[in-house]
Amino acid sequence: MYTYNDLQKIGDNSGKIRFIQNVISEHENSEIYRNGAISGLFYRGIDPDLEAIKKVVYDRNGNAHADTVSPNHKLTSNIYHLLINQLVSYQLGNGVSFSNTALKKSLGGAEFDYILQQILIYAANDGEAYGLVTDNGILPMCSACKVNGNEPIFAPLRDEDDGTLRAGVRYWRLSPEKPLRATLYEPDGYTEYKTDNAGNLQIYSQKTPYRICQHRSQAEGTFLSYDNNYSAFPIIPMGFINNQSSIVGNRAKLFAYDVVLSGLVNCIDANTVYWTLRNAEGMSPQDDLNLVADIIYRRIIHTPEDVELKKEEITTNHEAFVAVLGVLRRQIFTDFCAVDTENISAQNITTVAIKSAYENLNLKCDEIERYISAFIRGCLKVKGFDENEPFHFKRPNNINELEFVTKIAAISPQIGDKMATRLIYEALGLIDEYSPDINNDF
């Protein structure tokens, strides 16, 4: 395993080039990378296990042959994508609020909310994601999943003494025939590399400090000034539960769901049909083939005298398939601590029932909130702000709005009209339009 301490031992540029190549190779052969890459496929609606299934038939000698006749539909569900996005939207859909609004502006303003969501999506798929802090905002980086299909990958380099992230390699290649691009991030700056026409990795841009300011003067015009680097390494990790991908422990269940779903369609598409012949001892194998050909192509059957023909059909047990799909779906949603909205779609469901349905999701969000908070504090530290500056998240109010508003209106004499109005605006998602000067009439 390559670490930041190994990087410190390298002196010349040629040694760093070999080191970068070794880091990339080791990263792509790691279990973390394999799980993240698989997770990214499921997130994009691709089930690699289902795609690998090959239907076969066996001849009389027991030899397997590719089945090119029976239906082989491969239906991949989008459940995994839904579950990840539900978690991210529930926790970060309303963004993060800072008591000091200037802090959020320094992190990118409203764009910071979307960046946080992207990094959490990466973390949920890879087990850990990263954000590069710059003067212009935060650059999200994944470890393997590439949920957008072609984004760069980041391989971290940690300190052997305390395990902190001290360096890393970000790399990408648009296609096999295109050059490899790599960036080595170190505490004092970053160096860019690129493969030449012969496929050799070379320095593309010399080491550059992280902070570069542009200045103008009448005497010198526009020029660049290399400012002091950040007070801490500007790449901040965002962990996830158990430091592992969400696909771990759930891949088999997702595959089973896709298999049953595909099997249901395949069986309905072509029920098993066979023919029973009586008094046909005189028919040769060629006669059998001719009989089948008549059935398939002409739909007319010519049989020898005294031969009786009877059709038999094995139909699909539709109810069994549907029952298994239901069991798998419930288990997947339970294991992800997710909310299956199909079970709470009734209009008259109570607020208590809705909150109960969201309890497991709330517990999971409570767990991941500490990873997100640690990431935000890391960003504040790099920017030079106090890590203890207060901020908070606002999860959605998943309630029966009519029931809630009725209750608030009923207790408004006790809590006051202004407080009641504020609670109602918040429940309806209109808190930004609330003003203490609004007239109330309950």
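Here, every reference points to the structure presented above.
Thresholds applied
- Residues numbered from 1 in each chain as written.
- Predicted model: local features only at pLDDT ≥ 70, side-chain atom pairs only at ≥ 80, totals over all residues.
- Heavy atoms only, no water.
- Helix = DSSP H or I, 4+ residues; strand = E, 2+ residues; numbered from the N terminus.
- Buried < 20%, exposed > 50% of the residue type's maximum accessible area, 1.4 Å probe, protein only.
- Contact = heavy atoms within 4.5 Å.
- Areas by Shrake-Rupley, 256 points an atom, 1.4 Å probe, with all protein chains shown as cover.
- Core = buried A, V, L, I, M, F, W, Y, C linked by side-chain atoms within 4.5 Å.
- Pairing = 2+ DSSP bridges.
- Axes fitted to C-alpha atoms, helices over the stretch in contact; angles between N-to-C directions.
- 1 Å grid on protein atoms, 1.4 Å probe; cavity = no way out; pocket = protein on both sides within 12 Å on 5 of 7 lines; lining within 4 Å.
- Points joined across faces, edges and corners; volume = space filled by probe spheres on them.
- Nonpolar A, V, L, I, M, F, W, Y, C, P; charged D, E, K, R; others polar.
- Salt bridge = Lys/Arg side-chain N within 4 Å of Asp/Glu carboxyl O.

Chemist: How would you sum up the overall build of the protein chain? Please name residues and give values.
Modeler: In terms of helices and strands, the protein chain carries 14 helices and 16 strands. Counting the 442 residues in the protein chain, one finds 38% classified as buried. A separation of at least 24 residues holds for 60% of the contacts in the protein chain among residues at least 6 apart in sequence. Surface exposure of the protein chain reaches about 25100 Å², of which carbon and sulfur atoms provide 49%.

Chemist: Summarise the nonpolar core; cite the residues concerned and give the values.
Modeler: Among the nonpolar cores identified, the biggest contains 70 residues, and Phe98, Leu116, Ile138, Ile235, Ile372, Phe375 and Ile376 are the most heavily contacted of them. When near neighbours in sequence (up to four residues on either side) are disregarded, leucine 116 contacts Leu92, Val96, Met238, Ile372, Phe375 and Ile376. Counting residues in hydrophobic clusters, the runner-up holds 20 residues, among them Ile24, Leu157, Leu180 and Leu201.

Chemist: Give a description of the sheet that holds strand 10 (residues 201–208) that names residues and reports values.
Modeler: With respect to topology, 5 strands assemble into an open sheet ordered 6-7-8-9-10, the strand pairing being antiparallel. Every interior strand has two partners, whereas the edge strands, strand 6 (153–158) and strand 10, have only one. Here the strands of the sheet are splayed against their neighbours by 20 degrees on average, with no regard to which way each runs. Where strand 9 (residues 189–195) meets strand 10, 5 bridges bridge the pair, whose relative direction is antiparallel. Looking across to strand 10, one finds that threonine 195 is bridged to leucine 201. On top of the sheet, helix 2 (residues 13–28) reaches strand 6, strand 7 (165–172), strand 8 (181–186), strand 9 and strand 10; it is set at about 110 degrees to strand 6, its chief contact.

Chemist: Could you give an account of the sheet that holds strand 4 (residues 128–134), with specific residues and numbers?
Modeler: Spatially, 3 strands are ordered 5-4-13 in an open sheet, and the strand pairing comes out antiparallel. Each of the sheet's edge strands pairs with one partner strand only, and the pair in question is strand 5 (137–141) and strand 13 (235–239). Strand-to-strand, the axes of this sheet are offset by a mean angle of 30 degrees, without reference to chain direction. As paired strands, strand 4 and strand 13 are joined by 5 bridges and run antiparallel to one another. Pairing of glycine 131 across the sheet is with isoleucine 236, part of strand 13. On the sheet, helix 7 (residues 111–126) packs against strand 4, strand 5 and strand 13 and is oriented at approximately 20 degrees with respect to strand 5. Helix 12 (residues 359–383) rests against strand 4, strand 5 and strand 13 of the sheet, and its axis sits at about 170 degrees to strand 13.

Chemist: An account of the pairing of strand 8 is requested, with residue identities and associated values reported.
Modeler: Across the 6 residues of strand 8, 6 count as buried, placing the element largely inside the fold. Of the two faces of strand 8, the one carrying Arg181, Thr183 and Tyr185 and the one carrying Ala182, Leu184 and Glu186 are both buried. With 5 bridges connecting them, strand 7 and strand 8 associate as antiparallel partners. For valine 169, the partnering residue across the bridge sits in strand 8 and is leucine 184. The sheet contact formed by strand 8 and strand 9 spans 6 bridges and is antiparallel. Looking across to strand 9, one finds that alanine 182 is bridged to tyrosine 193. In this structure, the hairpin formed by strand 8 and strand 9 is closed by a connection of 2 residues.

Chemist: Outline empty space enclosed by the protein, supporting the account with residue identities and numerical values.
Modeler: Inspection of every chain in the model, using the stated rule, returns 2 cavities of 30 Å³ or more. Estimates place the volume of the largest cavity at around 40 Å³. Along the walls of the largest cavity sit Leu83, Ile84, Gln86, Leu87, Phe336, Cys337, Ala338, Leu361 and Lys364, which together make up its complete lining. Mapped onto the lining of the largest cavity, the elements with two or more residues apiece are helix 5 (79–92) and helix 12. If you tally residues by element for the lining of the largest cavity, the top one is helix 5, at 4 residues. Within the lining of the largest cavity, the residues separate by chemical class into 7 nonpolar, 1 polar and 1 charged.

Chemist: Requested: an account of the pattern of salt bridges, with residues and values cited.
Modeler: Under the defined criterion, the tally for this structure stands at 13 salt bridges. Residue aspartate 113 is joined to lysine 104 by a salt bridge in which the shortest nitrogen-to-oxygen separation is 2.8 Å. Judged by relative accessible area, which is 17%, lysine 104 ranks as buried. Close ionic contact of arginine 211 with aspartate 135 constitutes a salt bridge, the shortest N to O distance being 3.7 Å. Here the residue arginine 211 occupies a position in the loop between strand 10 and strand 11 (212–217), and aspartate 135 occupies one in the loop between strand 4 and strand 5, the gap between them amounting to 76 residues.

Chemist: Tell me about the environment of isoleucine 354, residues and numbers included.
Modeler: Position of isoleucine 354 among the secondary structure elements: in helix 11 (residues 351–357). Along the primary structure isoleucine 354 and isoleucine 344 are separated by 10 residues, whereas in three dimensions their C-alpha atoms are 7.0 Å apart.

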